[in-house]
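Per-entry structural report
Here are the chains, one letter per residue:
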Amino acid sequence: MRILVTGGAGFIGSNFILYMMRQHPQDEIINLDALTYAGNLENLKSVENEPNYTFVHGDIADKGKVDEVFKGGVDVVVNFAAESHVDRSILEPEAFVNANVLGTQVLLDAAKRYGVTKFVQVSTDEVYGSLGETGLFSETTPLAPNSPYSASKAGGDLLVRAYHETFGLPVNITRCSNNYGPYQFPEKLIPLMISRALHDESLPIYGDGLNIRDWLYVEDHCSAIDLVIRQGRIGEVYNIGGNNERTNIHIVQTILKELGKPESLIRYVEDRPGHDRRYGIDPTKITEELGWKPKHNFETGIKETIQWYLNNKEWWTRIQSGAYRDYMAKQYSGR
Ligand code: NAD
Ligand code: DAU
């Protein structure tokens, strides 16, 4: 099987490529990535010379480049490529529409013209909006995105749905909760707090710190997508999550305790505009239909992740320069 992985140089995409090359060495992987600030080929050093791995530098919204890739033969598309950070979408929404809506449409069009056995759209629980104190997101929860990021992801998802309904494209959409693990860019809550705590910098918590996210170890997300590629019923949506709801303050306190740093580093700052209060995934469908089960529990997963950041300080200190420094200055000025 020739699998086109878009956004394979990012956090989840690179973990997915490493996972697939271990699990299915007979498959071929083509990684199409624009190498935005979030793309890092260093994550894939261990496989870059493997004969069944090819990297193509390009934008999923570039029709000519996408066409070139499909001409080489593609059986399955797994679309990870996206602008992924909510705070950046509040500062500059346009890039999110280009990558997450237009880019998805260009890929869908190529998949339709050349024919594929499966197009998997890697989406997010954020398209469902925010939960109250009770209830969980199921696959039939109405879409109600609240940020430019989640609205652009929902736009991509609706195009995927339309290409299935209108053109019969064999698609699946996966909607996963918050991932954590190795190679996550240090703008996201867990790696940001680890790296700042290690430098004894203040830890900015938005609002009252009681917003809830449902955390899943990245490898468990990868194993779910692998199952969806092979066994997902055509046209279906699958929610992915491991029943691990935690408040943000709990996450930060866990990190501080593990690193032996004081809680006096915590700073409550102005809230994120449109900040979703709570996410929680009901994973019954993927569990019962496809037999998926996460392998990692949060307590050990978070410890392993903290250890990974301690062991790979060079990886994230190299990132924390240039354009990233400018973003941090803009994002946290006045907070
Ligand atoms: P990331 O920001 O770490 O990586 C995104 C990758 O996509 C980068 O390598 C970047 O260079 C590439 N990219 C961006 N725009 C592109 C374009 N136009 N053409 C080609 N490549 C492009 O993101 P991530 O956290 O790994 O998320 C991957 C996917 O999973 C996204 O679609 C995101 O919406 C979804 N998702 C993420 C989470 C999470 O917790 N991180 C949870 C659920 C779903
Ligand atoms: O739910 C899945 C989504 O999870 C993915 O679709 C997104 O791509 C991914 O970025 C993530 O979105 P969140 O907004 O939930 O993740 P983030 O790490 O940005 O924030 C997690 C929570 O922590 C959120 O409630 C905001 C809060 N936060 C975040 C940062 C960066 C803070 O309190 N302080 C911070 O500095």
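Once a new chain begins, its residue numbering starts again from 1 and follows that chain's sequence as written. Labels are handed out in written order, letters beginning with A for the chains and numbers beginning with 1 for the ligands. Residue-level local features of this predicted model are given only where pLDDT is at least 70; pairs of side-chain atoms are given and counted only at 80 or more, and the full residue set underlies all totals for whole chains, interfaces and linings. To get the side-chain values, take all heavy atoms of the structure and skip hydrogens and water.

Re empty space enclosed by the protein
Let me state the cut-off plainly: Throughout, the protein atoms alone are placed on a 1 Å grid, and a set of points is a cavity if a 1.4 Å probe fits but cannot get out or a pocket if it is open with protein on both sides within 12 Å along at least five of seven lines; lining residues have an atom within 4 Å of a point. Grid points are joined across faces, edges and corners, and a volume is the space filled by probe spheres set on the points. For this classification, Asp, Glu, Lys and Arg are treated as charged, while Ala, Val, Leu, Ile, Met, Phe, Trp, Tyr, Cys and Pro are nonpolar and the rest, including Gly, are polar.
Per the counting criterion, the structure on display carries 1 cavity of 30 Å³ or more. Here the largest cavity defines a volume of roughly 30 Å³. Together, A9, G10, F11, A38, N40, N43, Y183, F185 and W315 line the largest cavity. Across the lining of the largest cavity, the residue classes tally to 6 nonpolar, 3 polar and no charged.

Considering the state of the cysteines
Operational definition: In this description, the term disulfide denotes a pair of cysteine sulfurs within 2.5 Å.
Per the stated rule, a full pass over the model turns up 0 disulfides. Lacking any disulfide linkage, C176 is separated from the closest cysteine sulfur, that of C222, by 9.2 Å.

So, the site of ligand 2
Test applied: Definition of nearness: a residue and a molecule or strand are near each other if at least one heavy atom of the residue lies within 4 Å of the molecule or strand. For this analysis, a polar contact is any N or O atom pair within 3.5 Å, provided that within protein one partner can donate a hydrogen and the other can accept it, and provided that sequence-adjacent residues contribute only side-chain to side-chain pairs. Shrake-Rupley sampling with a 1.4 Å probe provides the accessible areas, and residues are treated as covered by the protein chains on show and by no other component. Every helix listed is a DSSP run of H or I at least four residues long, and every strand listed is a run of E at least two residues long, numbered separately from the N terminus. The domain limits used here are those given by an automatic or database domain assignment.
Taken together, 25 residues are adjacent to ligand 2, and D125, Y149, N178, R272 and Y332 come closest. Within the backbone of L189, an N or O atom sits 2.8 Å from an oxygen atom of ligand 2. P204 places a main-chain nitrogen or oxygen 2.8 Å from a nitrogen atom of ligand 2. Isolated, ligand 2 exposes 690 Å² of accessible area, and the fraction of that covered by the protein chains is 95%. Of all elements in the fold, only α3 (86-91), α6 (189-198) and β8 (203-206) reach the threshold of two or more residues within the shell around ligand 2. By residue class, the composition of the shell around ligand 2 is 10 nonpolar, 8 polar and 7 charged. Built from parts of two domains, the shell around ligand 2 gets at least three residues from each of domain 1 (2-180 + 216-240) and domain 2 (189-212 + 244-281 + 288-320).

Brief notes about the domain arrangement of the chain
Note the threshold: Contacts are residue-level and defined by heavy atoms, with any inter-residue pair within 4.5 Å sufficient. Accessible area that two parts lose when put together, evaluated with a 1.4 Å probe and summed over both, is termed the buried area. A carboxyl oxygen of Asp or Glu within 4 Å of a side-chain nitrogen of Lys or Arg is what we treat as a salt bridge.
Under the domain assignment used here, the chain contains domain 1 (2-180 + 216-240) and domain 2 (189-212 + 244-281 + 288-320). When each unit is reduced to the centre of its C-alpha atoms, the spacing between domain 1 and domain 2 is 24 Å. With 37 residues of domain 1 at the interface, the matching set in domain 2 holds 28 residues. Together, Y180, Y217 and D220 form the three largest contributors to the area buried by domain 1 at its contact with domain 2, with a combined 22%. Note that E42 and R318 form a salt bridge whose closest N and O atoms lie 2.5 Å from each other. On inspection of domain 1 and its partner domain 2, the count reaches 21 residue pairs in polar contact (both at pLDDT 80 or more). Every element with two or more residues in the side of domain 1 that touches domain 2 is listed here: α3, β7 (178-180), β9 (212-217), α7 (218-231) and β10 (237-240). Here the element with the most residues in the side of domain 1 that touches domain 2 is α7; it accounts for 7 residues. Classifying every residue of the side of domain 1 that touches domain 2 by side-chain character gives 13 nonpolar, 15 polar and 9 charged.

Considering the layout of surface pockets
In this model, the second largest pocket occupies a volume close to 280 Å³. Looking at the second largest pocket, it is lined by 15 residues, and the ones nearest its centre are R161, I173, R175, G235 and V237. Top contributing element to the lining of the second largest pocket by residue count: helix α5 (residues 148-167), with 5 residues. Of the residues belonging to the lining of the second largest pocket, the class tally is 5 nonpolar, 3 polar and 7 charged.

Observations regarding the site of ligand 1
Around ligand 1 sit 28 residues in total, of which I12, D33, S84, Y149 and K153 are the nearest. In the environment of ligand 1, a nitrogen atom lies 3.1 Å from a nitrogen or oxygen atom belonging to the backbone of A34. Within the side chain of K153, a nitrogen or oxygen atom sits 2.7 Å from an oxygen atom of ligand 1. A total of 840 Å² of accessible area belongs to ligand 1 in isolation, and the protein chains cover 96% of it. Within the residue set of the shell around ligand 1, elements represented by two or more residues are α1 (11-23), β5 (118-124), α5 and β7.

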